[in-house]
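# Summary of the model geometry
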Amino acid sequence: MLAIVDYGVGNLFSLRSSLSAIGAEAVMADTPEGLNEADRIILPGVGAFADAAERLKKSGLFDAILKEAAAGKPILGICLGMQLLMEKSYEFGEHGGLGLIKGSVRPISDVIPEGFKIPHIGWNELKFEGHPLFKYIKSGECVYFVHSYYAAGSPSVIAVTDYGAELTASVADKNVMGCQFHPEKSGKTGLNILKSFCEM
Amino acid sequence: MLKKRIIACLDVRDGKVTKGVNFVGNKDIADPVELAEYYSDCGADELVFYDITASSDGRKLFTDVLTKVASKVFIPLTVGGGINSFEDFDRVLKCGADKVSVNSGAIADRTLIRKAAKRYGSQCVVISADVKRHKGEYRVYGRGGRDYTGIDAVEWIKYCVDEGAGEIVLNSIDTDGVRNGFDIEMLNDVCGTAKVPVIASGGAGSAEDFVELFKSVPNADAGLAASIFHYREVAIHELKKLLDKNGIPVRIC
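Read on for an overview of the structure. (Residues numbered from 1 in each chain as written. Chains lettered and ligands numbered in written order. Predicted model: local features only at pLDDT ≥ 70, side-chain atom pairs only at ≥ 80, totals over all residues.)

## Comments concerning the overall build of chain B
For the record, the criterion: Put simply, DSSP H or I for four residues or longer makes a helix, DSSP E for two residues or longer makes a strand, and each gets a number counted from the N terminus. For the radius of gyration, the atoms used are the C-alpha atoms, and the globule rule reads 2.2 Å times the number of residues raised to 0.38. Residues are scored as being in contact if the C-beta atoms we place from backbone atoms lie within 7 Å.
When you go through chain B residue by residue, the secondary structure sums to ten helices and twelve strands. The C-alpha atoms of chain B give 17 Å as radius of gyration, which agrees with the globular expectation for 253 residues (18 Å, within 12%). Seen along its three principal axes, the alpha-carbon backbone of chain B occupies a region of about 45 × 40 × 35 Å. Considering only intrachain contacts with a sequence separation of at least 6, the fraction spanning at least 24 residues in chain B is 66%.

Here it is, written out as structure tokens:
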């Protein structure tokens, strides 16, 4: 059974529907016990980093995610959920993350040339060399991005996208994975990524 | 490289899809859920649902449609029409919308965009402007093109972006439903230097019109159309092949 971490940020309707479309049964988990019962976990998220990290801590889910990650359960962070996996974020100050993936979250304006709009919104190519998360898709397929920050300086990048500069699209360190883009909004390509995660 | 988007728009009244010419004389066409799935399979990059019902019964039918679409179609969904308050944002986002487009609501309540962007993020707030030439100036119209507001379109869009709107839909009333091409001049004059994504709307009559749009309006990120897709005059996957052949970056799927 798959648990979606429910900590009051973002719209989980589409994520749940997309999982159900690939035949995966997902439950919403807003307690550490809920995560403990699951065999894999998705950490979604939209909005500001600091607020999201605070909500995770208050509900005890922050430590619970660390515990489940250490136990080896597959964990997938999506969008802000991926950014929360990193060590820290520089969005409106400096804030600590889960630290499950090395690297920090920085504004894309640091690296993209002038003339590129922020946020990076729309369909862009996913470029990778190979990872079990991408076993049903080909490098170059498009996925849907909406973000103004990205994961920088990470040795765990497994996919990038080109927006005037190479931006981290996906990270992974063993059982912990993250997608900056929204697989639940990326058509068949996205469903195929979720499918491979559910088979891990 | 970021792709130029092709967006199919569905006007929904009493749970069914309609499309008018110059905003009058709507007639029923098809089941919105079926149509949304069809578009998504054909390679539409995004769908926009405009709620053109006035009654509360119609509004319930609309959110039911939206919920059904969001449980079957996995591309970004934008909702517009009847968005007048913060509560309206909440209502449609809960039913699976990813973005909310405001038009008259933002004219009536000048704080709506700011409030919504603060709560849901700018990526969620789309300003949709119905614009028409009036004595040589671009002016904003309200209520589906019926009300002349006197507001200057260039200033209005700047205001909305400053308030936190994350995308602009520029709909030219002058070319809407005429099917003779997008309003290239208006798009460049009003949105040529916008720093947020620009979606061109109004006037698409053929696949070639989209080629012309992206070649002549460098700042356009997406082209939106309704009737040419509904009546299957232009197939989205064929349109994308044509754009690709013309060197315009699109998602081929």
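## Section: the overall build of chain A
Note the following rule: With C-beta atoms placed from the backbone, a residue is labelled by how many other C-beta atoms lie within 10 Å of its own: buried for 20 or more, exposed for 12 or fewer, partly exposed between the two.
A count of helices and strands for chain A gives six helices and 14 strands. For chain A, whose C-alpha radius of gyration is 15 Å, the value lies close to the compact-globule estimate of 16 Å for 200 residues. In terms of its C-alpha atoms, chain A occupies a principal-axis envelope of roughly 45 × 40 × 30 Å. When each of the 200 residues of chain A is scored for burial, the buried share is 50%.

## Topic: helix H4 (residues 61-70) of chain A
Residue and element names in this part refer to chain A. Using the following cut-off: Directions are taken from the helix axis to each C-beta atom, and the arc is the one they span.
Within H4, the full set of buried residues consists of Leu61, Phe62, Ala64, Ile65 and Glu68. Taken end-on, H4 shows its buried residues confined to a sector of 165°, consistent with a single buried face. Considering only its buried residues, H4 is in contact with strand E1 (2-5), helix H2 (32-37), strand E3 (40-43), helix H3 (49-58) and strand E4 (75-78).

## Overview of the nonpolar core
Stated formally: Any nonpolar core is a set of buried residues, restricted to Ala, Val, Leu, Ile, Met, Phe, Trp, Tyr and Cys, that join up through C-beta atoms within 7 Å.
Membership of the largest hydrophobic core comes to 84 residues, with the highest contact counts inside it found for Leu47(B), Val100(B), Ile168(B) and Leu170(B). Excluding residues within four positions of it along the chain, Val100(B) makes contact with Val79(B), Ile83(B), Phe89(B), Val92(B), Leu93(B), Cys124(B), Val125(B) and Val126(B). With 66 residues, the next largest nonpolar core counts Leu43(A), Leu61(A), Tyr150(A) and Leu167(A) among its residues.

## A look at the sheet that holds E4(A)
Residue and element names in this part refer to chain A. Defined as follows: At least two DSSP bridges between two strands are needed for those strands to be called paired.
Reading across from one edge, E2-E1-E3-E4-E14-E13-E12-E9 is the order of the eight strands in this open sheet, with mixed pairing throughout. Across the chains shown, the open sheet's two edge strands, defined by having one partner strand only, are strand E2 (26-29) and strand E9 (127-128). Direction of pairing for E1 relative to E3: parallel, over a ladder of three bridges. Counted as the bridge partner of alanine 3 is isoleucine 41 from E3.

## Concerning the interface of chain B and chain A
Which entries qualify depends on this criterion: Gly is placed with the polar residues, together with every amino acid not listed as nonpolar (Ala, Val, Leu, Ile, Met, Phe, Trp, Tyr, Cys and Pro) or charged (Asp, Glu, Lys and Arg).
Contacts between the two partners involve 23 residues from chain B, matched on the other side by 26 residues from chain A. Considering only residue class, the side of chain B that touches chain A consists of ten nonpolar, six polar and seven charged.

## Notes on the sheet that holds strand E11 (residues 149-152) of chain A
All names here are of chain A. If you trace the four strands from one edge of the open sheet to the other, you get E6-E5-E7-E11, paired in mixed fashion. One side of each edge strand has no neighbouring strand; the edge strands of this open sheet are strand E6 (95-96) and E11. Both strand E5 (residues 86-89) and E6 contribute to a ladder of two bridges, which runs antiparallel. By the bridge assignment for E6, serine 89 is matched with histidine 95.

## Concerning the packing of helix H3 (residues 86-94) of chain B against helix H5 (residues 112-120) of chain B
Each pair of packed helices can be described by the angle between their axes along with the distance between the axes. Residue and element names in this part refer to chain B. The condition is simple: Angles run from 0 to 180 degrees between N-to-C directions of axes, and those axes are lines fitted to C-alpha atoms, restricted for helices to the stretch in contact. Note on terminology: angles under 35 degrees are roughly parallel, angles over 145 are roughly antiparallel, angles of 65 to 115 are roughly perpendicular, and the others are oblique. Rotating anticlockwise by less than a right angle from the far helix to the near helix defines a left-handed crossing, while the corresponding clockwise rotation defines a right-handed one.
Two elements in contact, H3 and H5, have axes separated by 9 Å at closest approach and are oriented at 40°. Between H3 and H5, the angle is such that the two are oblique. Considering the relative orientation of H3 and H5, their crossing is right-handed. Counting all contacts with H3, which are made through Phe86, Phe89 and Leu93, the residues of H5 involved are Lys115, Ala116 and Tyr120. Among the residues forming the contact of H3 with H5, the class breakdown is five nonpolar, no polar and one charged.

## Re unusual backbone geometry
Residue and element names in this part refer to chain A. In this model, isoleucine 118 is joined to proline 119 through a cis peptide bond whose omega is 0°. Looking at the secondary structure, you find proline 119 in the loop between strand E7 (101-107) and strand E8 (120-125). Here phenylalanine 92, not a glycine, exhibits a phi torsion of approximately 50°, which is positive. Within the element layout of this structure, phenylalanine 92 appears in the loop between E5 and E6. With 10 C-beta atoms packed within 10 Å, phenylalanine 92 lands in the exposed category.

## Some thoughts on helix H6 (residues 187-198) of chain A
Defined as follows: Helices are assigned an expected span. That span is 1.5 Å times one less than the residue count.
The end-to-end C-alpha distance of H6(A), which contains twelve residues, comes to 17 Å, matching closely the 16 Å that a straight helix rising 1.5 Å per residue would cover. Among the residues of H6(A), Gly187(A), Thr189(A), Gly190(A), Asn192(A), Ile193(A), Leu194(A) and Phe197(A) are the ones counted as buried.

## Quick word on the packing of helix H1 (residues 32-42) of chain B against helix H2 (residues 56-70) of chain B
Residue and element names in this part refer to chain B. Two elements in contact, H1 and H2, have axes separated by 9 Å at closest approach and are oriented at 35°. The two elements H1 and H2 cross, and the hand of that crossing is right-handed. For the pair H1 and H2, the contacting residues are Pro32, Val33 and Ala36 in the first and Val65, Lys68 and Val69 in the second. Residues of the contact of H1 with H2, tallied by class, amount to five nonpolar, no polar and one charged.

## Concerning the pairing of strand E12 (residues 157-162) of chain A
Residues and elements named next belong to chain A. Sheet topology note: the E9/E12 ladder contains two bridges and is antiparallel. Note on E12: the bridge partner recorded for lysine 127 is valine 160. By the bridge criterion, five bridges tie E12 to strand E13 (residues 166-173) in an arrangement that is antiparallel. Paired with valine 157 across the strands is valine 171, a residue of E13. Where E12 folds back onto E13 in an antiparallel hairpin, the turn is made up of three residues, including glycine 164, whose phi is positive at roughly 80°.

## What about the environment of Ile184(B)?
Residue and element names in this part refer to chain B. Structurally, isoleucine 184 can be placed in helix H7 (residues 184-191). Using a count of 19 C-beta atoms within 10 Å as the deciding quantity, one classes isoleucine 184 as partly exposed. C-alpha separation for the pair isoleucine 184 and leucine 213, spaced 29 residues apart in sequence, amounts to 6.6 Å. Here isoleucine 184 is in contact with Glu212, Leu213, Ser216 and Val217, once residues within four sequence places are set aside.

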